[in-house]
Amino acid sequence: MAPSCPQPALPTLLVLLQALLPGPGNAQTSVFPPEVILPRGGSVVVNCSASCDQPILLGMETPLPKKEILPGGNNWKMYELSNVQEDSQPMCYSNCPDGQSSAKTFLTVYWTPERVELAPLPSWQPVGKNLTLRCQVEGGAPRANLTVVLLRGEKELSRQSAVGEPAEVTTTVPVSRDDHGANFSCRTELDLRSCGLGLFENTSAPQQLQTFDLPATPPQLVSPQVLEVDTQGTVVCSLDGLFPVSEAQVYLALGDQKLNPTITYGNNSLSAKASVKVTAEEEGTQRLLCSVMLGTQTQETRQTVTIYSFPAPNVILTEPEVSEGTEVTVKCEAHSTAKVTLNGVPAQPPGPRAELLLKATPEDNGRSFSCSATLEVAGQLVHKNQTRQLRVLYGPRLDEKDCPGNWTWPENSQQTPMCQAWGNPLPQLKCLKDGTFPLPIGKSVTVTRDLAGTYLCQARSTRGEVTREVTVNVLSPQYEMVIITVVAAAVILGMAGVATYLYNRQRKIRKYRLQQAQNGTPMKANTQATPP
């Protein structure tokens, strides 16, 4: 068997010197060097020599291309062996008078592997699952000196000998989030340093690992349980605990309608928000689906949404505009399965129709009639309202509340005459004194003596006319002084009367007590009011 580490091929001169050394005395064939390690395709010089001076026969037997070099001596020959592709054992032989003999040289060929390849990594590797790395090596020799190393970046994960052709080396490693984006590779090491050569390395192309972590919990889906035809709703799908969250994809669909969500990414979480509008063709129960896809896994949540059609109720008036005293019918009608109330009064019996009868009065002008309809959809109550107003036509009105019949104002004061006429249509109002002098209704004026007098206010519309007299009194400054004097005098007289009453009362009390003392009547505590 060849030595574990032969010496490298020697220069021709060293081989020649070895050939000139005296050989053993008995019949024997020698070869030098006895063992050689050389690169594949290389050449080596080998010397064959015999122990006798004049051998009958001396040569080399080998399948390798050989060429005798130098003239040679009586008992030695030198050969150059070329294009050595594999391990070989060329044999030198000689035939001397005292016998035949042979000797072998052991040629060991070294070469690095032709292929070092890491098996493709999975497109996505779940966090927490073991990853099997597999490296294939083709070629390379000597195999005893060939090692396969599996690497994460520059970190050594496994070191094994290359066995078999092709050699396959595997190792299993746990995967964490920290492995996302890490490079994995394998490397061969042909270690010939003990042979005086060196360490020859071949490395595969690196492969990047993508890891992912998708939680076992389904996404949270928030959406309306019921949705009306031709209206728009909002759907929100969210999920926490994703890694890497930026690689996650979201699919949202309502029935056959794919939604286009806006995705917001957080720290290991995402939220997808989409608007959905439904049509009459989708009426009924529809499936709402939210799928979150990451790596090779999917988590999804399904809900149902009930699409319904619910037109607003109708408020029907016999006539939207009637004259005072006209009988009016108000009807409230809604969806066949709805229940209505008219002005807060439920239909009797409960159902989709209600009715109200009234006799129109001026107070009904502008009155609103509200019809509220309630429909139960998938266990929820939805509401619709409709309102209409009644217009009542009536003639003009002037009353004391809104058009006082008497105004008394101080002269030179600022006043605003107010007189409001009512009616539908709204009447035109004029207030004239002596048929020509107008009272400026609703305007601020300075009160003068010319403003005093009686005015005839006339309210007129297509429904008729009414009149009302109003009087404006203007107080002069002298008249005000008289009033002040009279009031002051009244106050003084009142105070004098009170003083006189109190004086007389005290006088009677003293007189009464004096009489009691003269008659010898004991005095009693005064527990009651003294009679006058």
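Note: the structure precedes this text.
In short, a report on the structure. (Residues numbered from 1 in each chain as written. Predicted model: local features only at pLDDT ≥ 70, side-chain atom pairs only at ≥ 80, totals over all residues. Heavy atoms only, no water.)

1. Section: the overall build of the protein
- Assigned secondary structure in the protein consists of two helices and 45 strands.
- Out of the 532 residues belonging to the protein, those deemed buried represent 37%.
- Long-range contacts, defined as pairs at least 24 residues apart, comprise 64% of the intrachain contacts of the protein with a sequence gap of at least 6.
- Total accessible area computed for the protein in this model is approximately 30,400 Å², and 50% of it derives from carbon and sulfur atoms. (Helix = DSSP H or I, 4+ residues; strand = E, 2+ residues; numbered from the N terminus. Buried < 20%, exposed > 50% of the residue type's maximum accessible area, 1.4 Å probe, protein only. Contact = heavy atoms within 4.5 Å. Areas by Shrake-Rupley, 256 points an atom, 1.4 Å probe, with all protein chains shown as cover.)

2. Considerations on empty space enclosed by the protein
- Taken as a whole, this structure holds one cavity of 30 Å³ or more when the rule is applied.
- In this structure, the largest cavity occupies an estimated 40 Å³ of space.
- Forming the walls of the largest cavity are Ser-223, Pro-224, Leu-227, Val-235, Leu-254, Val-276, Leu-288 and Val-305.
- The residue inventory of the lining of the largest cavity, partitioned by class, reads seven nonpolar, one polar and no charged. (1 Å grid on protein atoms, 1.4 Å probe; cavity = no way out; pocket = protein on both sides within 12 Å on 5 of 7 lines; lining within 4 Å. Points joined across faces, edges and corners; volume = space filled by probe spheres on them. Nonpolar A, V, L, I, M, F, W, Y, C, P; charged D, E, K, R; others polar.)

3. Notes on the nonpolar core
- Among the nonpolar cores identified, the biggest contains 27 residues, and Leu-242, Leu-252 and Val-292 are the most heavily contacted of them.
- Counting only elements with at least two residues in this core, the list comes to β23 (232-240), β24 (249-254), β27 (269-277), β28 (284-294) and β29 (297-308).
- When near neighbours in sequence (up to four residues on either side) are disregarded, Leu-252 contacts Leu-221, Val-235, Cys-237, Gln-257, Lys-258, Leu-259, Pro-261, Ala-272, Ala-274, Leu-289 and Cys-290. (Core = buried A, V, L, I, M, F, W, Y, C linked by side-chain atoms within 4.5 Å.)

4. Considering the pattern of salt bridges
- Applying the stated criterion to the full structure yields 20 salt bridges.
- Asp-179 is paired through a salt bridge with Arg-152; the nearest N and O atoms lie 2.7 Å apart. Of this pair, Asp-179 sits in the loop between β16 (167-174) and β17 (183-191) while Arg-152 sits in strand β14 (residues 146-152), and the two are 27 residues apart along the sequence.
- Residue classification places Arg-152 among the partly exposed positions, given a relative accessible area of 26%.
- The network of salt bridges with common partners includes Glu-156, Arg-159, Arg-187 and Glu-189. (Salt bridge = Lys/Arg side-chain N within 4 Å of Asp/Glu carboxyl O.)

5. A word on the state of the cysteines
- Evaluation of the coordinates by the stated rule reveals seven disulfides.
- Linked covalently through their sulfurs, Cys-135 and Cys-186 form a disulfide whose S-S length is 2.1 Å. Taking the sign of the S-S torsion, 60° for the link of Cys-135 and Cys-186, the bridge is right-handed. A residue pair is termed long-range when its members are at least 10 positions apart, and Cys-135 in strand β13 (residues 130-138) and Cys-186 in strand β17 qualify at 51 residues.
- Under the relative-accessibility criterion, Cys-135 is labelled buried at 0%.
- Between the sulfur atoms of Cys-431 and its disulfide partner Cys-457 the distance amounts to 1.9 Å. Since a negative S-S torsion denotes a left-handed disulfide, the Cys-431-Cys-457 link at about 115° is right-handed. With Cys-431 in strand β41 (residues 428-433) and Cys-457 in strand β44 (residues 453-461), this pair connects stretches of sequence that are 26 residues apart.
- On the accessibility criterion, Cys-431 (3% relative accessible area) is buried. (Disulfide = S-S within 2.5 Å.)

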